[in-house]
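Coordinate inspection notes
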Amino acid sequence: MLLGGNAGHGESQRYGNTSQYRNEGLWRLVAQNDRKILTMKKKYKKSDTLQLDASSTHHTFNILNVTAKAVRQPPLLKWAGGKEHELKYILPLIPSFNNYYEPFVGGGAVCFALQAPARFINDKSPDLFNFYRAVATQDTEFFQALATLLDGWQGVSKIVEQHKPDLSRIYQAYALDACSPEEIKYNLLDFIQHRQQEFDALFARFFYPNPENFTRELQRNVLSKTRRMKKLEQSRGQLPEYDILANLECALKSAFYMHIRHLYNRITEYDMSPGVAAAIFFFVRENAYASMFRYNRRGEFNVPYGGISYNRKDLARKVAYLQSPTVQLQFRNTIIENMDFEAFLLKYPPQPEDFIFLDPPYDSQFSTYSQNEFDQKDQERLAHYLIKRCPAKFMLVIKNTPAILNLYSHAGFNISAFDKKYLVSFQDRNNRAAEHLIITNYCE
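Conventions used here
Residues numbered from 1 in each chain as written. Predicted model: local features only at pLDDT ≥ 70, side-chain atom pairs only at ≥ 80, totals over all residues. Heavy atoms only, no water. Buried < 20%, exposed > 50% of the residue type's maximum accessible area, 1.4 Å probe, protein only. Helix = DSSP H or I, 4+ residues; strand = E, 2+ residues; numbered from the N terminus. Pairing = 2+ DSSP bridges. Phe/Tyr/Trp six-rings, centres within 6.5 Å; stacked < 30°, edge-to-face > 60°. Core = buried A, V, L, I, M, F, W, Y, C linked by side-chain atoms within 4.5 Å. Contact = heavy atoms within 4.5 Å. Expected span 1.5 Å × (residues − 1). pLDDT = per-residue confidence, 0-100. Salt bridge = Lys/Arg side-chain N within 4 Å of Asp/Glu carboxyl O. Axes fitted to C-alpha atoms, helices over the stretch in contact; angles between N-to-C directions. Parallel < 35°, antiparallel > 145°, perpendicular 65-115°, else oblique. Nonpolar A, V, L, I, M, F, W, Y, C, P; charged D, E, K, R; others polar. Left-handed = near helix turned anticlockwise from the far one by under 90°.

**Considering the pairing of strand β7 (residues 355-358)**
Residues of β7 alternate between two faces, with F355 and F357 on one and I356 and L358 on the opposite face, all of them buried. Judged from the 4 bridges that link them, β7 and strand β8 (residues 393-399) form a sheet pairing that is parallel. Residue pairing in the sheet places F355 in a bridge with K393 of β8.

**Considerations on the packing of aromatic side chains**
Taken as a whole and judged by the stated rule, the model has 35 aromatic pairs. Measuring from ring centre to ring centre gives 5.5 Å for F104 and F374, while their planes differ by 90 degrees; the resulting arrangement is edge-to-face. One end of the pair, F104, is in the loop between β4 (100-102) and β5 (119-122); the other, F374, is in the loop between β7 and α14 (376-389), and 270 residues separate them in sequence. In this structure, F104 and F374 share a single accessibility class: buried. For the ring pair F131 and F282, a centre distance of 5.6 Å and an interplane angle of 5 degrees mean the geometry is stacked. Residue F131 is found in helix α3 (residues 126-136), and its partner F282 is found in helix α10 (residues 274-287); the two are separated by 151 residues along the sequence.

**Examining the nonpolar core**
Core analysis: the largest hydrophobic core is formed by 101 residues, its most contacted members being L76, F131, Y132, F142, F256, I260 and I280. Among the elements that make up this core, the one with the highest residue count is helix α9 (residues 241-264) (13 residues). Non-local contacts of I280, meaning those with residues more than four positions away in its chain, are made with L149, F207, I260, L263, Y264, I267 and M272.

**Here's the deal with α9**
In a regular helix each residue adds 1.5 Å, so 24 residues correspond to 34 Å; α9 covers 34 Å between its end C-alpha atoms and thus fits that length. The buried fraction of α9 amounts to 20 of the 24 residues, a majority that puts the element mostly inside the structure.

**Quick look at α10**
Helix length check: α10, at 14 residues, gives a terminal C-alpha distance of 20 Å against a target of 20 Å (1.5 Å per residue), a fit within 8%. In terms of burial, α10 is a largely internal element, 13 of the 14 residues being buried.

**Section: unusual backbone geometry**
Located in the positive-phi region is A290, a residue other than glycine, with phi close to 55 degrees. Structurally, A290 can be placed in the loop between α10 and α11 (316-322). A290 gets classed as partly exposed once you look at its relative accessible area, which sits at 32%.

**Quick notes on the confidence of the model for the protein chain**
Across the protein chain, pLDDT averages 81, with 78% of residues at or above 70. Confidence drops under a pLDDT of 50 for residues 8-71, and excluding neighbours within four residues, the segment shows 118 contacts in the predicted structure. Here residues 365-369 is a poorly scored stretch, pLDDT under 50, and it has 16 contacts once near neighbours within four places are set aside; other chains count.

**Concerning the pattern of salt bridges**
Enumeration over the complete set of coordinates arrives at 17 salt bridges. Among the ionic pairs, R381 bridges to D340, the shortest N-O distance being 2.7 Å. Taken as a pair, R381 in helix α14 and D340 in the loop between β6 (334-337) and α13 (341-347) lie far apart in primary sequence, 41 residues in all. You can call R381 partly exposed: its relative accessible area is 26%. The exposure class of D340 is partly exposed, given its relative accessible area of 24%. R389 is the partner of E342 in a salt bridge, and the nearest nitrogen-oxygen pair spans 3.2 Å. In this pair, E342 sits in helix α13 while R389 sits in helix α14, placing the two residues 47 residues apart along the sequence. In this structure E342 comes out as buried when scored by relative accessible area, which is 15%. Overall, R389 belongs to the partly exposed group, its relative accessible area being 39%. A single network of salt bridges, built from pairs that share partners, joins D340, E342, D378, R381 and R389.

**Overview of the packing of α3 against α10**
For the pair α3 and α10, the least separation of the axes is 9 Å and the interaxial angle reads 110 degrees. The pairing of α3 with α10 is recorded here as roughly perpendicular in orientation. Residues D127, L128, N130, F131, R133 and A134 of α3 touch α10, and the partners they reach there are P274, A277, A278, F281 and F282. Here the residues of the contact of α3 with α10 sort into 8 nonpolar, 1 polar and 2 charged.

**Regarding the environment of A173**
If you trace the backbone, A173 turns up in helix α5 (residues 164-175). Assessed through its relative accessible area of 24%, A173 is described here as partly exposed. Each C-alpha atom, one on A173 and one on I184, is 8.1 Å from the other, the two residues being 11 residues apart in sequence. Setting aside residues no more than four positions away along its own chain, A173 makes contact with A178 and C179.

**Structural notes on the environment of I438**
Its place among the elements puts I438 in strand β10 (residues 433-440). Note: C-alpha distance between I438 and S416 (22 residues apart in sequence) is 5.1 Å.

**Section: the packing of helix α4 (residues 140-162) against α10**
Where α4 contacts α10, the axes come no closer than 7 Å and their chain directions differ by 45 degrees. As the angle between them shows, α4 and α10 are arranged oblique. Both α4 and α10 take part in a crossing whose hand is right-handed. In this structure, α4 contributes E141, F142, A145, L146, L149 and W153 to the contact, and α10 contributes G275, V276, A278, A279, I280, F282, F283 and N287. A class-by-class count of the residues in the contact of α4 with α10 yields 11 nonpolar, 2 polar and 1 charged.

Here's what the structure looks like:
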């Protein structure tokens with residue numbers, strides 16, 4: 001799929017223009033921020049050079065010496081395993097190149113930090129592909145759906161602000177044992193039912209194919225939160241009123257998020273258009289706890305809402321950034337695909353003067369986190385391509401495991417190491433601190 005101008009393959013498809021920027025005030029804010037980014041110089045301290053014994057092998061690797069000044073644009077969305085915080089290690093090692101390739105683009109932190117005459121990016125996730133396509137083509141329905149979601153999100157805060165005396169009174173009666181658990185349940189349901197029109201107004205029709213689900217989520221989340229708050233007060237003492245209201249707002253916003261998550265898991269069932277589906281995907285990714293991926297046995301995404309710290313999160317600035325000339329320029333002369341990595345590299349064969357950045361799923365159970373399994377055979381296919389068939393310069397960033405060392409340690413590549421601390425321990429399947437490798441076939 002070709003987006004933008006001529007990227008060396010196929011016919012071009014033009015973008016929309018600045019008349020599509022419906023929120024000019026927000027767009028100006030983003031433009032100002034872009035100028036700040038372009039003038040910002042970020043410095044990193046040099047690390048010491050150490051010797052590393054690589055888990056029962058006799059190989060010695062270089063710990064990276066880092067002195068980086070990076071001029072970069074931020075990724076377009078939050079993505080588990082993204083490399084935004086590792087750019088200080090990655091960017092100084094990138095060689096000069098012509099065209100840019102990324103078979104596992106994910107959140108695109110490296111891609112959006114670089115400039116290239118043409119880009120070829122790919123990801124196995126159809127949701128991510130659909131999102132990038134919507135941004136690259138400046139899809140009107142996508143941005144209209146996002147505007148509706150943002151209005152609804154702010155509408156939840158307005159409901160809390162307008163009715164905070166009632167909310168506080170209902171909770172305080174329960175906290176002081178002036179009403180029973182059954183009575184608090186009845187009082188909360190009564191509050192919701194008497195303001196049902198206000199809650200219904202949070203969603204446009206295309207986000208409301210199952211209004212009963214949102215009502216259920218409101219009831220479940222608010223009741224659960226009040227019970228947890230009472231237990232907390234019993235163990236730690238009385239909460240100030242602003243904490244009580246923040247927790248109740250969190251419950252209402254959790255219900256909003258959970259309803260959108262419900263839609264995300266039923267895109268096909270509810271016959272959502274690609275633009276609306278991309279907006280739902282973006283909203284869920286930005287508000288899911290720690291940007292995690294997790295699916296139940298039915299294949300449904302089940303990560304909860306991020307919590308109180310997300311209550312007043314305003315995505316309007318980020319949405320305006322998605323519409324900015326800066327982002328449109330990033331997608332000019334860019335091909336976006338949704339394929340197996342090997343099929344992608346065979347369809348668009350890189351040349352010796354090109355550069356490939358690879359950040360594949362890691363050699364662990366974590367490789368199944370996005371429902372796109374990448375097992376040992378896939379790791380072997382990737383290694384075979386890089387060792388035997390790759391004509392271009394490449395950089396591979398991957399977790400250091402015995403299997404990975406076995407694949408690459410005798411190939412004559414340059415191998416460096418750095419430590420990455422995971423912000424989230426995903427069901428204890430990953431170490432919070434893990435050593436990562438940077439493997440290249442060039443010297444810079």
